[in-house]
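Report on the structure
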Amino acid sequence: MTKTKWMSKCAIMAAVAAVLMFFDFSLPLFPVFLKFDLSEVPVMIAGFALGPWAAVTAELMKNIIHLPATTTMATGEAANFIVGISLAVPAAWLYSCRRTLPMAVIGMATGVVIMTVTGVLVNGLIIVPLYAKLLGLPLETVLAMARAANPYIANQRDLLLLCFAPFNLLKGVLVSLVTLVVYKRVSRVLGI
Amino acid sequence: MLNDITIGQYFPGQSIVHRLDPRAKIIGLTLFVAMVFTLAHWPGYAGTGAGLVLSYVAAGLPLRLLARAVRPLSFLLLFTVAMNALMLPGEVIWHWKFVSVSREGLIQGLTLAVRLIYLIVGSSLLTYTTSPIALTDALERLLSPGRRRGGPAHGLAMMMSIALRFIPTLIGETDRIMKAQASRGADFGHGNIVRRARNMLPLLVPLFVSAFRRADELATAMEARCYRGGEGRTRMRQLKMRAGDWVVIAGLAILLVMSLWMRYHQGGGV
């Protein structure tokens, strides 16, 4: 594949991701600042078709494009970038070593595990405290937002284990399943 | 639903703000953001607000755009003010049953809300008066100041331009596919999360196939016109910093220093 083809495909996958990012919705049992969308699917497909670097590039562009529409002072976009590449890069890298269906599944399973752990660490240590600080909210109000959705959340550790961990796990599994089905059909049509 | 997406929020024009070099506008916005975070006294807040309104007038933008920029944040603003007013301890100025509003909390909530409004209005001024293409050009130049062209900054900027150019096309495409599938009985936006994700499949597969085809055609078209990366590329519109651009940067830098000075030498601010 020429470099120009790589660039145009990667860019258009980022554009698809940016469009899909606007179809986001909140989930029951999760606070409003955790939004679910399928914008990781084009990033994963870019990673599978073009290699791990394409996944990083597409993820970065998707979040830059979404930046003017941020409702979280860019912290949500930063979190989305880190969590997104921690899913797509391991999956794309393992798949690029051997392009078979079992390898794709192993790659995505690894990606989901890494993504869940990264999601908990990054959100707990950096993003949530930063979000609270930038908005001038005490951490307690972020907990209150989470408690409104899930009454079992009592402290910050609960927030990480009952909120971020299951959210990222669910998101990773769903995105992987959708990617698997879509990539199979798309690659059959296009012969990539 | 698809018409609400506000990516193409550029308002073409010939005003003095439109004609500034996009690099000057990006550097100026960075200085402005830093300044908003250092504001501490009411003259600073009032002056910044007046300055923003004047810039919108100078840019020839209708003032209702101010409201349009703030609207997506309205829930967050209300939440910030309410939470600070209710949660922070301090002198109670309003009390009803178990709810009490503190003076300190209300002031902090309002200043935070004003800062958020200034930030969003300031950055919207950039996106209202600068085309996405000019923005990516400027970013490319700012990211690779030493090299004239080429390097990773060029590739990234070119890809950003492609992505921004194709978003409206893809939105149109998505809309078309959704209508086509809905007429065959597809249902988007109902049911639980698994069903929702499953229902997206008849939308996603044609969308990806057409996106990849477009990417292929675009790459062929670029190669047919001898695109070979940033090396030795010339452009029709050259970015050029003029005196006015330096004045804007210098002016905002002076305002930042003044704001810092007021914060640390006068004390007692919020």
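Placed above this text is the structure.
Notes on the structure follow.

About the cut-offs
Residues numbered from 1 in each chain as written. Chains lettered and ligands numbered in written order. Predicted model: local features only at pLDDT ≥ 70, side-chain atom pairs only at ≥ 80, totals over all residues. Heavy atoms only, no water. Contact = heavy atoms within 4.5 Å. Buried area = accessible area lost by both parts, 1.4 Å probe. Salt bridge = Lys/Arg side-chain N within 4 Å of Asp/Glu carboxyl O. Polar contact = N/O pair within 3.5 Å; in protein donor to acceptor, adjacent residues only side chain to side chain. Helix = DSSP H or I, 4+ residues; strand = E, 2+ residues; numbered from the N terminus. Nonpolar A, V, L, I, M, F, W, Y, C, P; charged D, E, K, R; others polar. 1 Å grid on protein atoms, 1.4 Å probe; cavity = no way out; pocket = protein on both sides within 12 Å on 5 of 7 lines; lining within 4 Å. Points joined across faces, edges and corners; volume = space filled by probe spheres on them. Domains from an automatic or database assignment. Phe/Tyr/Trp six-rings, centres within 6.5 Å; stacked < 30°, edge-to-face > 60°. Buried < 20%, exposed > 50% of the residue type's maximum accessible area, 1.4 Å probe, protein only.

Let us look at the interface of chain B and chain A. The figure often quoted for interface size is the accessible area lost as the parts come together. Taken together, the contact between chain B and chain A spans 54 residues of the former and 53 residues of the latter. When the area that chain B buries against chain A is broken down by residue, the three leading residues are B:Met159, B:Phe208 and B:Phe212, summing to 16%. There are one salt bridge connecting chain B and chain A. Summed over the shared surface of chain B and chain A, the number is two residue pairs in polar contact (both at pLDDT 80 or more). For the side of chain B that touches chain A, the leading source of residues is helix α9 (residues 201–224) of chain B, giving 17 residues. Along the lines of polarity and charge, the residues of the side of chain B that touches chain A split into 42 nonpolar, seven polar and five charged.

All right, on to the layout of surface pockets then. All names here are of chain B. Space inside the second largest pocket adds up to approximately 1,100 Å³. Taken together, 36 residues make up the lining of the second largest pocket; nearest its centre are Ser 131, Ile 133, Ala 134, Asp 137 and Arg 237. Elements with a minimum of two residues in the lining of the second largest pocket: α1 (22–38), α6 (132–143), α7 (151–183) and α9. When residues of the lining of the second largest pocket are assigned to their parent elements, the largest contribution, six residues, is made by α7. Lining the lining of the second largest pocket are residues from two domains, each supplying at least three of them: domain 1 (1–130 + 240–270) and domain 2 (153–237).

Turning our attention to the packing of aromatic side chains. Under the defined criterion, the tally for this structure stands at six aromatic pairs over all chains. Between A:Phe48 and A:Tyr183 the ring centres are 5.4 Å apart and the planes differ by 70°, which places this aromatic pair in the edge-to-face class. Note that A:Phe48 is positioned in helix α2 (residues 40–50) and A:Tyr183 in helix α7 (residues 156–190), a separation of 135 residues in sequence. A relative accessible area of 2% means that A:Phe48 is categorised as buried. Residues B:Phe11 and B:Tyr128 carry aromatic rings whose centres are separated by 5.5 Å and whose planes lie at 85° to one another, so their mutual orientation is edge-to-face. One end of the pair, B:Phe11, is in the segment before α1; the other, B:Tyr128, is in helix α5 (residues 103–129), with 117 residues separating them in the sequence.

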